[in-house]
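Listed here are the chains, written in short residue letters.
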Amino acid sequence: MSVAEDHPELSIVIPLYNESANIDALHERLLAVLAKLGRPFEIIYIDDGSSDGTADILRRIHNNADSIRAVIFNRNYGQHAAVAAGFEQARGEIVVTLDGDLQNPPEEIPKLLEKIDEGYEVVGGWRKERNDSPPRLFFSRFANRIAARIVGVETNDYGCMLRAYRRSVVDRIRACAEGSIFIPALANSFAASVAEVPIAHAPRRFGRSRYTPLALLRLNFDLMTGFSLMPIQLVSVTGILVAVFGLAFALFLLLRRLIVGPEVEGVFTLFAILFFFVGVQILALGLIGEYVGRIYMEVRRRPRYVIKEMLN
(Lines give C-alpha, C1' and ligand atoms only; values in the text may rest on other atoms or scores of the structure.)
Protein backbone atom coordinates (compact mmCIF):
# COMPACT_ATOMS: atom_id res chain seq x y z
CA MET A 1 0.00 0.00 0.00
CA SER A 2 1.29 3.45 -0.88
CA VAL A 3 0.73 5.80 2.00
CA ALA A 4 0.99 9.53 2.42
CA GLU A 5 4.32 11.27 2.03
CA ASP A 6 5.26 14.92 2.42
CA HIS A 7 3.96 15.46 -1.12
CA PRO A 8 1.48 12.69 -1.95
CA GLU A 9 0.40 12.32 -5.54
CA LEU A 10 -3.25 11.76 -4.64
CA SER A 11 -5.49 13.37 -2.02
CA ILE A 12 -8.97 11.99 -1.33
CA VAL A 13 -11.31 14.56 0.27
CA ILE A 14 -14.50 13.18 1.83
CA PRO A 15 -17.11 15.42 3.54
CA LEU A 16 -19.20 13.62 6.14
CA TYR A 17 -22.43 14.55 7.86
CA ASN A 18 -24.04 11.91 10.08
CA GLU A 19 -22.55 9.04 8.08
CA SER A 20 -21.33 6.92 11.01
CA ALA A 21 -23.07 3.83 9.62
CA ASN A 22 -21.16 4.09 6.33
CA ILE A 23 -17.66 5.18 7.35
CA ASP A 24 -16.06 1.81 8.13
CA ALA A 25 -17.30 0.18 4.92
CA LEU A 26 -16.32 3.26 2.91
CA HIS A 27 -12.85 3.35 4.43
CA GLU A 28 -12.20 -0.35 3.84
CA ARG A 29 -13.32 -0.20 0.20
CA LEU A 30 -11.39 3.02 -0.41
CA LEU A 31 -8.14 1.57 0.97
CA ALA A 32 -8.54 -1.46 -1.29
CA VAL A 33 -8.93 0.77 -4.35
CA LEU A 34 -5.98 2.99 -3.45
CA ALA A 35 -3.75 -0.01 -2.77
CA LYS A 36 -4.29 -1.22 -6.35
CA LEU A 37 -3.45 2.21 -7.79
CA GLY A 38 0.07 2.17 -6.36
CA ARG A 39 0.21 5.97 -5.95
CA PRO A 40 1.27 7.78 -2.75
CA PHE A 41 -1.97 9.02 -1.22
CA GLU A 42 -3.62 10.68 1.73
CA ILE A 43 -7.25 10.58 2.84
CA ILE A 44 -8.83 13.66 4.40
CA TYR A 45 -12.18 13.29 6.13
CA ILE A 46 -14.18 16.39 7.07
CA ASP A 47 -16.79 15.98 9.79
CA ASP A 48 -19.34 18.68 8.97
CA GLY A 49 -20.80 19.01 12.47
CA SER A 50 -22.17 15.47 12.75
CA SER A 51 -24.18 14.48 15.81
CA ASP A 52 -24.05 10.68 15.43
CA GLY A 53 -20.53 9.86 16.63
CA THR A 54 -18.79 10.40 13.29
CA ALA A 55 -15.94 12.27 15.00
CA ASP A 56 -15.22 9.32 17.33
CA ILE A 57 -14.98 6.95 14.37
CA LEU A 58 -12.59 9.31 12.60
CA ARG A 59 -10.37 9.47 15.70
CA ARG A 60 -10.20 5.67 15.75
CA ILE A 61 -9.40 5.44 12.03
CA HIS A 62 -6.79 8.19 12.32
CA ASN A 63 -5.00 6.41 15.17
CA ASN A 64 -4.64 3.28 13.04
CA ALA A 65 -3.09 4.86 9.91
CA ASP A 66 -0.62 7.64 9.16
CA SER A 67 -2.22 8.37 5.80
CA ILE A 68 -5.55 9.38 7.38
CA ARG A 69 -6.21 12.99 8.33
CA ALA A 70 -9.42 14.56 9.58
CA VAL A 71 -10.97 17.98 10.09
CA ILE A 72 -13.79 18.28 12.60
CA PHE A 73 -16.09 21.32 12.43
CA ASN A 74 -17.75 22.82 15.48
CA ARG A 75 -21.13 22.70 13.68
CA ASN A 76 -22.71 22.05 10.29
CA TYR A 77 -21.60 24.45 7.54
CA GLY A 78 -22.66 22.57 4.41
CA GLN A 79 -21.06 20.20 1.96
CA HIS A 80 -19.23 22.78 -0.15
CA ALA A 81 -17.69 24.48 2.89
CA ALA A 82 -16.49 21.04 4.01
CA VAL A 83 -14.92 20.35 0.61
CA ALA A 84 -13.25 23.78 0.71
CA ALA A 85 -11.74 22.85 4.08
CA GLY A 86 -10.46 19.62 2.55
CA PHE A 87 -8.88 21.57 -0.30
CA GLU A 88 -7.06 23.73 2.25
CA GLN A 89 -5.52 20.62 3.79
CA ALA A 90 -4.91 18.58 0.62
CA ARG A 91 -1.29 18.26 -0.53
CA GLY A 92 -1.71 15.98 -3.54
CA GLU A 93 -1.11 16.90 -7.16
CA ILE A 94 -4.51 15.35 -7.89
CA VAL A 95 -7.44 15.87 -5.52
CA VAL A 96 -10.46 13.57 -5.66
CA THR A 97 -13.68 14.40 -3.83
CA LEU A 98 -16.08 11.69 -2.76
CA ASP A 99 -19.34 11.57 -0.82
CA GLY A 100 -19.45 9.52 2.35
CA ASP A 101 -22.78 7.78 1.70
CA LEU A 102 -21.37 5.10 -0.67
CA GLN A 103 -23.82 6.06 -3.42
CA ASN A 104 -20.76 6.99 -5.49
CA PRO A 105 -18.65 3.80 -5.21
CA PRO A 106 -14.95 4.43 -4.50
CA GLU A 107 -14.21 1.69 -7.04
CA GLU A 108 -15.01 4.28 -9.74
CA ILE A 109 -12.05 6.52 -8.80
CA PRO A 110 -9.66 4.88 -11.34
CA LYS A 111 -11.98 5.98 -14.18
CA LEU A 112 -11.51 9.61 -13.18
CA LEU A 113 -7.75 9.25 -12.81
CA GLU A 114 -7.45 7.74 -16.29
CA LYS A 115 -9.04 10.89 -17.73
CA ILE A 116 -6.88 13.15 -15.58
CA ASP A 117 -3.80 11.32 -16.88
CA GLU A 118 -4.94 12.19 -20.41
CA GLY A 119 -4.36 15.85 -19.55
CA TYR A 120 -7.74 17.15 -18.36
CA GLU A 121 -7.75 19.57 -15.45
CA VAL A 122 -11.18 18.57 -14.10
CA VAL A 123 -12.99 15.26 -14.50
CA GLY A 124 -16.52 14.87 -13.17
CA GLY A 125 -18.57 11.78 -12.56
CA TRP A 126 -21.86 11.42 -14.42
CA ARG A 127 -24.52 9.42 -12.59
CA LYS A 128 -26.12 8.23 -15.81
CA GLU A 129 -28.48 5.77 -14.09
CA ARG A 130 -29.35 7.22 -10.68
CA ASN A 131 -30.96 5.49 -7.73
CA ASP A 132 -32.88 8.48 -6.38
CA SER A 133 -36.53 9.40 -5.92
CA PRO A 134 -38.42 11.08 -8.81
CA PRO A 135 -38.64 14.49 -7.03
CA ARG A 136 -34.89 14.40 -6.36
CA LEU A 137 -34.18 13.51 -9.99
CA PHE A 138 -36.38 16.36 -11.23
CA PHE A 139 -34.76 19.01 -9.05
CA SER A 140 -31.27 17.71 -9.84
CA ARG A 141 -31.85 17.85 -13.59
CA PHE A 142 -33.19 21.38 -13.23
CA ALA A 143 -30.12 22.41 -11.22
CA ASN A 144 -27.78 20.82 -13.78
CA ARG A 145 -29.35 22.72 -16.66
CA ILE A 146 -29.09 26.00 -14.78
CA ALA A 147 -25.47 25.33 -13.82
CA ALA A 148 -24.50 24.45 -17.39
CA ARG A 149 -26.07 27.63 -18.78
CA ILE A 150 -24.58 29.91 -16.13
CA VAL A 151 -21.06 28.45 -16.06
CA GLY A 152 -20.93 27.98 -19.82
CA VAL A 153 -19.52 24.45 -19.61
CA GLU A 154 -21.90 21.74 -20.80
CA THR A 155 -21.70 18.76 -18.47
CA ASN A 156 -24.52 16.44 -17.44
CA ASP A 157 -24.02 16.23 -13.69
CA TYR A 158 -22.88 19.23 -11.67
CA GLY A 159 -24.26 17.64 -8.51
CA CYS A 160 -22.04 14.57 -8.46
CA MET A 161 -19.36 14.89 -5.78
CA LEU A 162 -17.14 12.15 -7.23
CA ARG A 163 -14.76 14.43 -9.12
CA ALA A 164 -11.03 14.78 -9.76
CA TYR A 165 -9.10 18.06 -9.88
CA ARG A 166 -5.55 18.96 -10.76
CA ARG A 167 -3.59 20.98 -8.21
CA SER A 168 -3.72 24.12 -10.39
CA VAL A 169 -7.54 24.18 -10.25
CA VAL A 170 -7.60 23.47 -6.50
CA ASP A 171 -5.25 26.40 -5.89
CA ARG A 172 -7.51 28.71 -7.91
CA ILE A 173 -10.52 27.63 -5.87
CA ARG A 174 -8.59 28.15 -2.63
CA ALA A 175 -7.81 31.71 -3.73
CA CYS A 176 -11.53 32.55 -3.89
CA ALA A 177 -12.50 34.40 -0.73
CA GLU A 178 -16.29 34.47 -1.07
CA GLY A 179 -18.30 32.86 1.68
CA SER A 180 -20.77 30.93 -0.48
CA ILE A 181 -19.18 28.66 -3.05
CA PHE A 182 -20.31 25.93 -5.41
CA ILE A 183 -17.20 23.80 -5.94
CA PRO A 184 -18.02 22.00 -9.26
CA ALA A 185 -19.16 25.22 -10.94
CA LEU A 186 -16.09 27.12 -9.75
CA ALA A 187 -13.79 24.34 -10.95
CA ASN A 188 -15.40 24.14 -14.39
CA SER A 189 -15.18 27.91 -14.79
CA PHE A 190 -11.46 27.89 -13.89
CA ALA A 191 -10.36 24.78 -15.79
CA ALA A 192 -8.94 24.90 -19.31
CA SER A 193 -10.23 21.38 -20.06
CA VAL A 194 -13.14 19.51 -18.50
CA ALA A 195 -14.20 15.91 -19.04
CA GLU A 196 -17.00 13.72 -17.71
CA VAL A 197 -17.15 9.94 -17.29
CA PRO A 198 -20.20 7.75 -16.57
CA ILE A 199 -20.05 6.18 -13.12
CA ALA A 200 -22.19 3.78 -11.13
CA HIS A 201 -24.69 5.11 -8.61
CA ALA A 202 -25.75 2.84 -5.76
CA PRO A 203 -28.86 3.21 -3.60
CA ARG A 204 -28.31 4.72 -0.17
CA ARG A 205 -28.10 1.96 2.45
CA PHE A 206 -28.02 3.98 5.66
CA GLY A 207 -29.07 7.49 6.67
CA ARG A 208 -30.79 10.01 4.44
CA SER A 209 -29.71 12.67 1.99
CA ARG A 210 -29.13 16.20 3.24
CA TYR A 211 -30.39 17.58 -0.08
CA THR A 212 -34.16 17.86 0.29
CA PRO A 213 -36.12 19.57 -2.52
CA LEU A 214 -36.04 22.80 -0.46
CA ALA A 215 -32.28 22.51 0.01
CA LEU A 216 -31.82 21.96 -3.74
CA LEU A 217 -33.95 25.03 -4.43
CA ARG A 218 -31.77 27.11 -2.10
CA LEU A 219 -28.69 25.72 -3.80
CA ASN A 220 -30.08 26.80 -7.18
CA PHE A 221 -30.64 30.34 -5.90
CA ASP A 222 -27.10 30.38 -4.54
CA LEU A 223 -25.74 29.14 -7.84
CA MET A 224 -27.70 31.64 -9.94
CA THR A 225 -26.87 34.69 -7.84
CA GLY A 226 -23.30 33.61 -7.15
CA PHE A 227 -22.21 33.06 -10.74
CA SER A 228 -24.34 35.27 -12.94
CA LEU A 229 -26.33 38.49 -13.26
CA MET A 230 -28.69 36.72 -15.64
CA PRO A 231 -31.62 36.44 -13.16
CA ILE A 232 -31.72 40.16 -12.41
CA GLN A 233 -31.26 40.93 -16.11
CA LEU A 234 -34.19 38.67 -16.97
CA VAL A 235 -36.29 40.53 -14.41
CA SER A 236 -35.31 43.83 -16.04
CA VAL A 237 -36.31 42.54 -19.47
CA THR A 238 -39.58 41.20 -18.02
CA GLY A 239 -40.24 44.59 -16.44
CA ILE A 240 -39.83 46.29 -19.82
CA LEU A 241 -42.14 43.78 -21.53
CA VAL A 242 -44.76 44.14 -18.79
CA ALA A 243 -44.60 47.93 -19.04
CA VAL A 244 -45.07 47.78 -22.83
CA PHE A 245 -47.94 45.32 -22.41
CA GLY A 246 -49.53 47.54 -19.75
CA LEU A 247 -49.30 50.62 -21.97
CA ALA A 248 -50.78 48.75 -24.94
CA PHE A 249 -53.61 47.44 -22.77
CA ALA A 250 -54.30 50.94 -21.43
CA LEU A 251 -54.57 52.27 -24.98
CA PHE A 252 -56.88 49.40 -25.85
CA LEU A 253 -59.17 50.20 -22.90
CA LEU A 254 -59.18 53.88 -23.83
CA LEU A 255 -60.21 53.15 -27.41
CA ARG A 256 -62.82 50.67 -26.23
CA ARG A 257 -64.31 53.27 -23.88
CA LEU A 258 -64.52 55.79 -26.71
CA ILE A 259 -66.19 53.30 -29.04
CA VAL A 260 -68.34 51.20 -26.71
CA GLY A 261 -68.78 53.55 -23.75
CA PRO A 262 -68.45 52.89 -19.99
CA GLU A 263 -68.67 49.23 -18.96
CA VAL A 264 -67.92 47.23 -15.79
CA GLU A 265 -67.80 43.67 -17.14
CA GLY A 266 -63.98 43.72 -17.28
CA VAL A 267 -63.39 44.34 -13.57
CA PHE A 268 -62.19 40.78 -12.83
CA THR A 269 -59.94 40.83 -15.86
CA LEU A 270 -58.34 44.00 -14.54
CA PHE A 271 -57.86 42.36 -11.15
CA ALA A 272 -56.17 39.37 -12.77
CA ILE A 273 -53.81 41.63 -14.71
CA LEU A 274 -53.10 43.62 -11.56
CA PHE A 275 -52.22 40.46 -9.64
CA PHE A 276 -49.88 39.46 -12.46
CA PHE A 277 -48.09 42.81 -12.27
CA VAL A 278 -47.86 42.58 -8.49
CA GLY A 279 -46.40 39.07 -8.76
CA VAL A 280 -43.71 40.28 -11.17
CA GLN A 281 -42.85 43.13 -8.80
CA ILE A 282 -42.57 40.78 -5.83
CA LEU A 283 -40.33 38.45 -7.85
CA ALA A 284 -38.13 41.39 -8.80
CA LEU A 285 -37.87 42.52 -5.19
CA GLY A 286 -37.01 38.97 -4.12
CA LEU A 287 -34.16 38.70 -6.63
CA ILE A 288 -32.83 42.12 -5.70
CA GLY A 289 -32.97 41.06 -2.06
CA GLU A 290 -31.06 37.87 -2.90
CA TYR A 291 -28.22 39.86 -4.44
CA VAL A 292 -28.22 42.43 -1.62
CA GLY A 293 -28.19 39.58 0.91
CA ARG A 294 -25.18 38.02 -0.77
CA ILE A 295 -23.37 41.35 -0.71
CA TYR A 296 -24.20 41.69 2.99
CA MET A 297 -22.87 38.19 3.70
CA GLU A 298 -19.64 38.86 1.80
CA VAL A 299 -18.77 42.28 3.26
CA ARG A 300 -18.88 40.89 6.80
CA ARG A 301 -15.96 38.60 5.86
CA ARG A 302 -16.92 35.90 8.33
CA PRO A 303 -15.09 32.56 7.98
CA ARG A 304 -16.72 29.81 5.93
CA TYR A 305 -16.27 27.37 8.79
CA VAL A 306 -14.75 26.98 12.25
CA ILE A 307 -12.50 23.99 12.92
CA LYS A 308 -13.00 22.36 16.29
CA GLU A 309 -10.31 19.70 15.99
CA MET A 310 -7.58 18.66 13.54
CA LEU A 311 -6.33 15.09 13.28
CA ASN A 312 -3.01 15.26 11.40
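Definitions and cut-offs
Residues numbered from 1 in each chain as written. Predicted model: local features only at pLDDT ≥ 70, side-chain atom pairs only at ≥ 80, totals over all residues. Heavy atoms only, no water. Helix = DSSP H or I, 4+ residues; strand = E, 2+ residues; numbered from the N terminus. Buried < 20%, exposed > 50% of the residue type's maximum accessible area, 1.4 Å probe, protein only. Contact = heavy atoms within 4.5 Å. Areas by Shrake-Rupley, 256 points an atom, 1.4 Å probe, with all protein chains shown as cover. Core = buried A, V, L, I, M, F, W, Y, C linked by side-chain atoms within 4.5 Å. Axes fitted to C-alpha atoms, helices over the stretch in contact; angles between N-to-C directions. Left-handed = near helix turned anticlockwise from the far one by under 90°. Nonpolar A, V, L, I, M, F, W, Y, C, P; charged D, E, K, R; others polar. Pairing = 2+ DSSP bridges.

## Quick word on the overall build of the chain
- Looking only at helices and strands, the chain features 10 helices and 8 strands.
- A buried classification covers 45% of the 312 residues belonging to the chain.
- When contacts within the chain are restricted to residue pairs at least 6 apart in sequence, those whose partners lie at least 24 apart make up 83%.
- Summing over all exposed atoms, the chain offers an accessible surface of approximately 16,100 Å²; the carbon and sulfur share of this is 60%.

## A short note on the side chain of Glu108
- Mapped onto the elements, Glu108 comes out in the loop between β4 (94-97) and α4 (109-117).
- Discounting residues that sit within four places of it in the chain, Glu108 has contacts with Leu162, Pro198, Ile199 and Ala200.

## A short note on the nonpolar core
- By size, the foremost hydrophobic cluster in this structure holds 35 residues, and its most contacted members are Ile12, Ile14, Leu30, Ile43, Tyr45 and Val96.
- Sorting the residues of this core by element identifies β1 (10-16), α1 (20-37), β2 (41-47), α2 (54-63), β3 (68-73), β4, α4 and β7 (194-199) as the ones contributing at least two each.
- A per-element tally of this core places α1 first, with 5 residues.
- Once residues within four sequence positions are removed from consideration, Ile14 is found in contact with Leu26, Leu30, Ile43, Ile44, Tyr45, Ile46, Leu98, Asp99 and Gly100.
- Counting residues in each nonpolar core, the second largest holds 27 residues, with Val71, Phe87, Met161 and Ile173 among its members.

## Here's the deal with the packing of helix α6 (residues 167-174) against helix α7 (residues 183-190)
- The interhelical angle for the contact between α6 and α7, taken along N-to-C directions, is 115 degrees, at an axis separation of 10 Å. For α6 against α7, the interelement crossing comes out right-handed. Contacts between α6 and α7 involve Val169, Arg172 and Ile173 from the former and Ile183, Leu186, Ala187 and Phe190 from the latter.
- Residue composition of the contact of α6 with α7, grouped by class: 6 nonpolar, no polar and 1 charged.

## Quick look at the sheet that holds β2
- Taken together, 8 strands build an open sheet; the order of strands is β7-β5-β6-β4-β1-β2-β3-β8 and the sheet is mixed. Only two strands of the sheet have a single neighbouring strand rather than two, namely β7 and β8 (307-311). Going from strand to strand, the sheet's axes swing by 20 degrees on average, the running direction of each strand aside.
- Across 7 bridges, β1 lies against β2 in parallel orientation. The residue bridging Leu16 from the neighbouring strand is Asp47, located in β2.
- Running over the sheet, α6 touches β4, β5 (122-127) and β6 (163-166) and is turned about 90 degrees from β6.

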